[in-house]
Every structure is written in structure tokens, then in C-alpha cells.
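Below are the chains, spelled out letter by letter.
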Amino acid sequence: MAMHPRESRYGRREFLGRSAVGVIGLSSLGTLLAACGGGDGGAAALELASPSNPVTQPLFDDNPPVASGLEPEKGTLRIYNWSGYLWPRIKKDFAKEYGVQVEETYFSTTDEAVAKISSGAVDFDVFFPTTDRVGRLIAGKALQPLNHDYLPNLRNVWPSVQDPWYDKGSRYTVPYTTWTTGIGYRVDKVATRPESLSNPYEIYWDEANRGKVYLLDDSRDAPAHMLLKNGIMNVNTEDPEDIELAKNELKSLIDAVNVKLSTDDYTNVPEGKAWVHQMWSGSAIGAQWYLPEGTGPEVLGFWFPEDGRGVIGNDMIAIPRNAKHPVLAHHFLNYLLDEKHGYDNFVNYTGYQPPLTALDPDRLVSDGVVPANLKTAIVRESDFDVAMPLTELSADGQALWQNAWAEFKAGV
Amino acid sequence: MSEDAGAAAERPVVDRRGNAFWASLALPGVAWLCLFFLLPFYVILCVAFGSVHPVFLTPQPAWNPLSWDTRAFEFVLEGLFTPGAAFQVVFLRTLAYVAIATSLSLLIAYPVAYYVARHGGRYKGLLLAGLVAPFFISYLMRMLAWINLLQDDGWVNDVLVWAGVLDGPRNWLDGRASSVILGMVYGYVPFMILPLYAFLDRIDGRLLEAARDLGASRFQTFRLVTLPLSGPAILAAVAIIALPMFGDYYTPDLLSQSPNTSLIGNQISLYIRGGQQVPVGAALVVCLMAFLAVLMAYYLVVTVRAQRRLGG
Amino acid sequence: MTSVAGAGAGSARNGRLREWIANPWGKPRVLPLVTVAYLAWSILPILIAIRFSFNEGRSRSTAQGWSFRWYWEDPDLSVWADPDLRTALFQSLRLAGIAVLVTVPLGTALAIGLTRWRGRGSGAARAVSLATLVTPEIVMGTALLLVFVNLLTFVPLGTPAQAIGHITFSLVFVLIIVRGRLLAIGPEYEEAARDLGASRLQAIRLALLPMLWPAIVASGIIVFAISMDDFVISQFLSSGTNTDTVPVRIYATGRTAPTPALNALATLTLAVTIAFAALGFLLWWLLKRARGDRESALEHLAH
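A brief look at the structure comes next.

What counts and how
Residues numbered from 1 in each chain as written. Chains lettered and ligands numbered in written order. Predicted model: local features only at pLDDT ≥ 70, side-chain atom pairs only at ≥ 80, totals over all residues. Heavy atoms only, no water. Helix = DSSP H or I, 4+ residues; strand = E, 2+ residues; numbered from the N terminus. Expected span 1.5 Å × (residues − 1). Bend = angle between axes of the 7 residues up to and from the residue. Patch = residues over 30% accessible without salt bridge, like charges linked within 9 Å, V, L, I, M, F, W, Y side chains within 5 Å. Areas by Shrake-Rupley, 256 points an atom, 1.4 Å probe, with all protein chains shown as cover. Salt bridge = Lys/Arg side-chain N within 4 Å of Asp/Glu carboxyl O. Buried < 20%, exposed > 50% of the residue type's maximum accessible area, 1.4 Å probe, protein only. Pairing = 2+ DSSP bridges. Contact = heavy atoms within 4.5 Å. Buried area = accessible area lost by both parts, 1.4 Å probe. Polar contact = N/O pair within 3.5 Å; in protein donor to acceptor, adjacent residues only side chain to side chain. Nonpolar A, V, L, I, M, F, W, Y, C, P; charged D, E, K, R; others polar.

1. Remarks on helix 7 (residues 177-202) of chain B
Argument step 1. Along its 26 residues, helix 7 of chain B runs 37 Å from first to last C-alpha, staying within 8% of the 38 Å computed at 1.5 Å per residue.
Argument step 2. Tyr-188 of chain B marks where helix 7 of chain B bends most, by close to 40 degrees; the proline Pro-190 of chain B follows one to four residues later.

Here it is in C-alpha cells:
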């Protein structure tokens, strides 16, 4: 088998140490090349998108969009989503308006969701992918192209996300929400606030919060903060040295504060289980609704780098290829892109801000949606100019990160 | 399953036919186990020795053993046999947790089973109901009950603070090994008590009377007769809870959430459910199975030997 | 006066203590303590958890009045109102029902067949079924997940896959219980029936089954209970929230911000299991009484 070009960077010892990672990556590359040669009709080549390398996703003859002018199907619209990420009223209203049932199924990690969607063993009508995985889902034909005739509301969102770097022209996806990854904390519990530190990421190591420090249970988000702490701004690095560094930083948190892992940031912080929690901005805004009776939102704090050079992202909505109700699903996507529905979903339930042009970020505090102490959790279109999204990694890169993550999670 | 009515004449023929009849009665169950128990093990092997889909990174099993790719396996073995490597640390931790939890369980289970079986008296039925009750309460619900009690403002802290054992509430769920191990003991101990009880209840009373008649004290009777007799039952009870414990991942997930207490089951769960390197997860499963098979083989050898000794 | 009495009691206690140290197994005094302590330890937390399901307030650690709020009164958060919790309850019941209906006949036939069948295959088949007993659930869960996703793709994840998983791991319990009974009965009754001219099937139906019924019912209770209890297989083979069972729901929300509705859900599950078991025991007792056997149901289960 030929060597992967990047393999030559590894020293012999390192190569041995990571052999399986490398070889799994290599073997997949081999099959990928075979696939490009036309041997495997199932999959196409994958181009890794990033803001500096925007990608127009390919269309396939055997995976056409639904035709225009069809009536939405009846039956049950099946949604596959994170929990707490869609206001139940929206589902109820949509169901009533279209005379259908809406059923929502939750996943807890992207890994799990992508594994199930791509296995083809489940059939959902609506799915919420993330930027670091969507390219693979498209190349593997797990998603179907969208018919924009059904999506007039797409023009309601920021122009930049109508034509995003991961899917130029929104061929397969429409944007759903935007968020940043920062540090949530309990103002009333921590001795030191992150913003008072010269390197705010050091807050994770503050032993005063031992047992109350959480990172997001996500193999990309958690290491990203370790990289940023060390001034490595490329959060999508595949350099083994960077990965090693991030891994060691993560491991040092075990001894320092017995760090815990969870994606339930929106309840852990208000419930007081966590005093310091790596947190998505939307969870910070949503956390105010999970505070116990008698506790006000002023106990919540959210830090995001002042210069804006932190992790940012937007989530999206797509329609799996084997959806049983594709037209109805298009209508649902359009329903969510509606200005009123998007806003209601945000301020009543999720706390995750939709990229609606009509939504004025400057008014969120005065409108009472976001408490003044959480205004750092508000996302602006211009934030995307400086902040870094998590992009898709190569197979090798993913394997390297996953193994580093597994090693950290082993508590070595 | 057509049954020949006039087959009574020749005994041997009948037997052979009878045998076929019994075999056919067992067939659906055997087929079920082949299809949904044995075959899946082959699939695990094919995945562990297979590759991943170039785009999705989902597993692509190699069905033909001749084309098996050993690299995921090598990765796992290297991790298991390199001192200080993640897989080894987690495996040793799992081993330690299982050993401690099993020993503690035995320390609780044996006296309880012994008492109910030998001295239950007229409360035996009631006590037995108490022993069987946890079977009807789901493991997760029992863990939930403990999470309730162990919270910062839960009753465990209330009681300990009230009794003066603690100065202030302690965060029992902050990722300490003791919480996880005690959770495991709590969860698994009922499964150990019942087989022990079943055995101790069956010991022939006349045997013990004979020992007493020969002048042995109660303790000597226990030490010289009951305990040696219970050897195989203890071993069986240990096997019944220890082997499944090796696959536990939910107890640490629920009671700790800290990397410090993660077990081999957590690593398997991460790789299998994580989706990008399923072959690594499958290889871990194969290694775990191989290890457990060794334990099982040891158990069988010991049991067979003990039986032979008793027989001889 | 008092001091004398106290001293007397003290010396008596000392004497007993000395006696106990010399011979701890003399008369079992510690054992009942251990046993009662164990039973309290194993059952009290459950009772406390049940108590909080009736809490009027939102707390799961502070007693706040009594109500059925978390069962059905709360319009959004009660078990009845929250579709996720309700679905979980019904999914658990559905799977347990399927498991009992399929596993009990399948396992009974397997037990009869394997006990009477003298062939090369029978030992191996028995070993395989016993192996399911000690296989960690995560191993079986992984194995089944991979087989349904990669090979037997016509079995979709969700109820079908979960039901197959439940049947597979509960089969061995039916085998053990029914086989134990069969060995106790011995082949004489069947042979007698055969001598009287019954066919093999008739002999099973007329002579064997009536004697097996108590064991069959007992195994049904066990299958129901372990199916309700299962977490790993249900989680691995779930297709999503709509096929999550009660334990999976407890796992998913037990770590986050559960309300007493989760306790209520667990309590309902427990109630259903106990009701099913009670019904089974009643049936068992009736069948047993018809046969005039005095062995207690619990002992039968334990053995």
C-alpha cells in the first residue's frame, strides 16, 4: 500500500505509536481512490470544505431532488434532532396546519446520529447535521438535494448563510441556528471569573471548582478550547503535535479538577451541578429557563473571547435521502425559516439564535430575551468574519482526534 | 413434525426416531441462537478485521477470513500490552473495580444467603421475598434511587451531617471510584444472593447433624463442612456477577461522569457508538470476549475437577 | 441500685461478647443483623424514590407534600402528558410482552428437546445457550447492532431489533427453569403415556405439559422482569426516542435535570412488573395446588 503523503511527516516511532490510526485512514484512502476510479457506485469523492475553501456540493443523477409542485405527504413527519432543540409548540402548530403527526427523536452526540443516518437503518424526514460532518453525509448520498421552490423563506436568513462555505448555494442544507462555544460559569459560585484571568481558558484548571468543572462531551469542541488556550488558532488542525498537546492539556484537567463530561450544559449550570462548563452560547441563553425557583438569571455568566477569535458555528437542517415524506419535510424546513417561527423557537425554548436578517441582535437585551449579563452569548453575522468554525477533517485526522479523545476519556 | 403412530415395535429404531423428534423440538431455539447469538459473533470478527467506508467511515465488514485486515486489532493489542497505555489502564481499572465489587458482594451475599437458608425459620418466606424483590426493580431505577440519595442535598448527606460524620454535604457524585464501586455492588449483589441461597438451602441437613454429632461446634461445622461444600456455588455466583460486570459502562456514566472512573465498557461504547472507528471497538470487544472465555474455561475446569473429586 | 443492675448487664454483655469472639458462629446473632441491614439497604432507596414520585414540588430530594402531579396532573411534565415518558413506558411493555410471548414457547420447546435429545449437538447447544448467560450485555448489544446494520439489514433498528435482542438473552432463563423441572420429573410419565398408546406429541401435551406449567409460568415471570430491566440491548438497538425504553429514558435524563416524573415513570414500571409477577404467582399457585405440590413459589424461582 502506498504511503499517505502526510505519513512522511511522522517519525518512525510516532508512526508505530499511531499505526492503526494511520492504517485505518490509509485503507480508507485506498478504497476512496478505488471509488473515484468508478469501482464503487455508492460513494463519491469527498472535498473537505472550510471558509477558505468553500465547496459547492456535487449533485448525483441517482439522488435527484423532489419535483416541484407536489402536495405535501400525509402521515407522520419524523424529525431526528438534539433534545431540547425545537420548541414543542412549533411541532404542534405545524402538525395542526398540515393535518399530520410530528414525531421527534433525539440523539445525544453527532457521532451517534451520523452513524445511524449513514447506516440507512433509520428513516427520518428531517435531520440536523453539523458543519464538521455534512460533507460526508452528502458525498455518501445520505442526504437529498433540496428543491428551493419549496423554500421561499430561505431569503429570510443572512446572505452569508444562504450561500455558506460548507454548501455553496444551499444545495442540501438550510441554516437553523448560530452559536459560539465559550465558557459558562456560575457567578455566585466561582471565586475567579474567566474574564479576570489573563488567559481565561485557565479557569478550567482552577482547583477551587474541583468536581464542578465540565467540558462538552464532544471530541471536537472540548479539544478546541485546549488548542485556543495555547494560542493555536487552527482548531481544525490535524498536526499530531497539536493533537498531542490538546490531549495532554485535557488529561491534566483530570488531576487538577477531576473534570467531567456532558452535553447537558443547559441544565448542568443552572442546576448547580457545574460551576464552570464549556458551553454553547445558545445553552447559556436557554439556561435561564432551567434555573430552580428563586434563582435569577444574574447567577449565570458566559465568556467568549473579546476579540471574537473563538469557536463559532451554525447548525443546519437537511432531509435524509430515505425520507418517507420529502415534500412535507421541505414544508417543515420552510416553516422553521419563517421569521416568526424562528424567533419564537429561539426566545421561548431553545435559546439558540436563528440567523434571521430581521432579528436585531442589539435589541435582544432590551427586549428582555437575553439577560444583560449574558449579552456575550449573542451572535452577530460579523462574528463569522473572525471566529473559527469546526470544519470537516480527513479520515486520518478524525481518527487521530478520536483516539486522543478516547485516551483522555480513559482517564489515564 | 409428523409422528409415526405405529413405531412402538422396535425399540432401537424408535429411539433413533425419538432422538430426531427431540432434536426437531429443540431446532427452532437452536436456530434462533445460531442466527442471533453465534452469527453476530462472526460479524463482530468481520468488523474487527474489516475496514471503514471511505466516506461515512462506517464499518465495512470483511466477510472472508482470508482478506482479514489485522490493523485495528494490532492497535488494540498494542494499547492493551503497552504499560501505561490507555486501553491497559482502563482494563486494569475495570479488573480492579470488578474484583473489589465482586468481593464486597460476596461478603454481603454469603452471610445473607446463609442466614436465610439455614436460620430463616418462620420468616423465611418473607426474607426470601425481600431477596427476590430487587429482581423486579430495574437496575437503572435502583441507580436512579441512589442518585437521588447521593445528591448534594440528598438524604445521605443529610443523615451524615446530622450524625456528625461529615461537617458539610459532600459531593458524592463528583467522580469518585467509591461511589461507582458501591453502585456496582448495590446493583449486582441480588444476582449473587439467589444462587448462593439456592445452594445453601439444598445442603443436606443430615450432613450437618452428623458433623455436630461427631462433636464439631457450629463454627467447625461451618468451616469444615458447609464452606468447602459451597466452593462451587461461590464460584458460580462470582461468575454470574463478575462476567457481566466487565461490560458495565452505565454505572460510571450515571454515578460519576469523570474520565477517572471510565471502564473498558465506556471505551467500547465510545468506539462502537462513535461511528468513525468501529473496527477498533469491535476489536476491543473481541479481546474482552477472549479474556472472559479464559475465565470461563478456568471456571469449567475447576468445576469439573471438583465434581470428579466428589465423585471419586 | 441502678449502677449494680447496669454492672450486671454489662458483665453479661461482656460474657456474651467473649463467647461470641471465641465462637462467632455459635448462635447466629450477627447474621440476622447483616440480613436485615442488607434488606433495608436494598429496599429503602427504592421506597424513597417511590415516595418522591408523589412529591407535590419539583424536588427529588426534599419531601414537598403528596400529589399525583407527576403521574397525570401536570399538563406538560407528567408521565401521561410528556410524550417521551409515555412512549418509553409503552415501549417497555411492548418489548416485554413480545419477549414473553415468543421466548416462553421457544424456550420450553428448546428445554424439552435438549433434555431428551441424546446427540452430539445437544451438549453444544446447551453450552451456547449458557454462554448467553455470562456474555456481557455490551458484547451482545454490539454484536446485534453490527449484525442488523451490516448483514441482516431487513431487521430495522427499533422494536424489531430490540425484541430479537430481548428474546435472545432471555431464552436461557426459560431453558434453565424448565429444564430443571424436567430433570426433576424424569421420563417415566411420558413413557407411561407412550405405553398407553399416546404419540410423542400427545405424551408431551397430556403428560408432560401439565407438570411443566408451573415452571413455564415461573419462566414467563422472569422473562418479563428481565426484559423490563434491560438497558444495554434496548439502548444499542434503539432507533431513537420513539423506541427508547424506561431504563434508557432514566439513563438519558437521570444525569441531567429530571423531575419527579422520572420517579413516577420508574414507579409505574415497577408496579406493572409486580402486577405481572403477582398474576403469574397466582396462576402458579393455582397450578401447583392442582398438583398438590408444597414447594413454595419463591423457592422454585430461587432454584
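2. Describing a nonpolar patch on the surface
Residue and element names in this part refer to chain B.
Argument step 1. The grouping of Ile-100, Leu-104, Leu-107 and Leu-182 at the surface amounts to a nonpolar patch, some 370 Å² of accessible area in total.
Argument step 2. Considering each element in turn, the nonpolar patch owes the most residues, three residues, to helix 3 (residues 86-119).
Argument step 3. Turning to its location among the elements, Ile-100 is positioned in helix 3.
Argument step 4. Under the relative-accessibility criterion, Ile-100 is labelled partly exposed at 41%.

3. Description of the pairing of strand 4 (residues 173-186) of chain A
All names here are of chain A.
Argument step 1. With 14 of its 14 residues buried, strand 4 lies for the most part within the structure.
Argument step 2. Pairing between strand 4 and strand 7 (residues 276-280): five bridges, direction antiparallel. Residue pairing in the sheet places Gly-184 in a bridge with His-277 of strand 7.
Argument step 3. As paired strands, strand 4 and strand 8 (residues 300-303) are joined by four bridges and run antiparallel to one another. What sits directly across from Gly-184, in strand 8, is Phe-302.

4. Describing the interface of chain B and chain C
Argument step 1. Chain B puts 97 residues into the contact, and the matching count from chain C is 89 residues.
Argument step 2. On the chain B side of the contact with chain C, Trp-22, Trp-32 and Phe-136 of chain B bury the most area, a combined 9% of that side's loss.
Argument step 3. Remark: the boundary between chain B and chain C carries zero salt bridges.
Argument step 4. At the boundary of chain B with chain C, the tally comes to six residue pairs in polar contact (both at pLDDT 80 or more).
Argument step 5. Tallying contributions element by element places helix 1 (residues 11-48) of chain B first for the side of chain B that touches chain C, with 23 residues.
Argument step 6. A per-class count over the side of chain B that touches chain C returns 73 nonpolar, 15 polar and nine charged.

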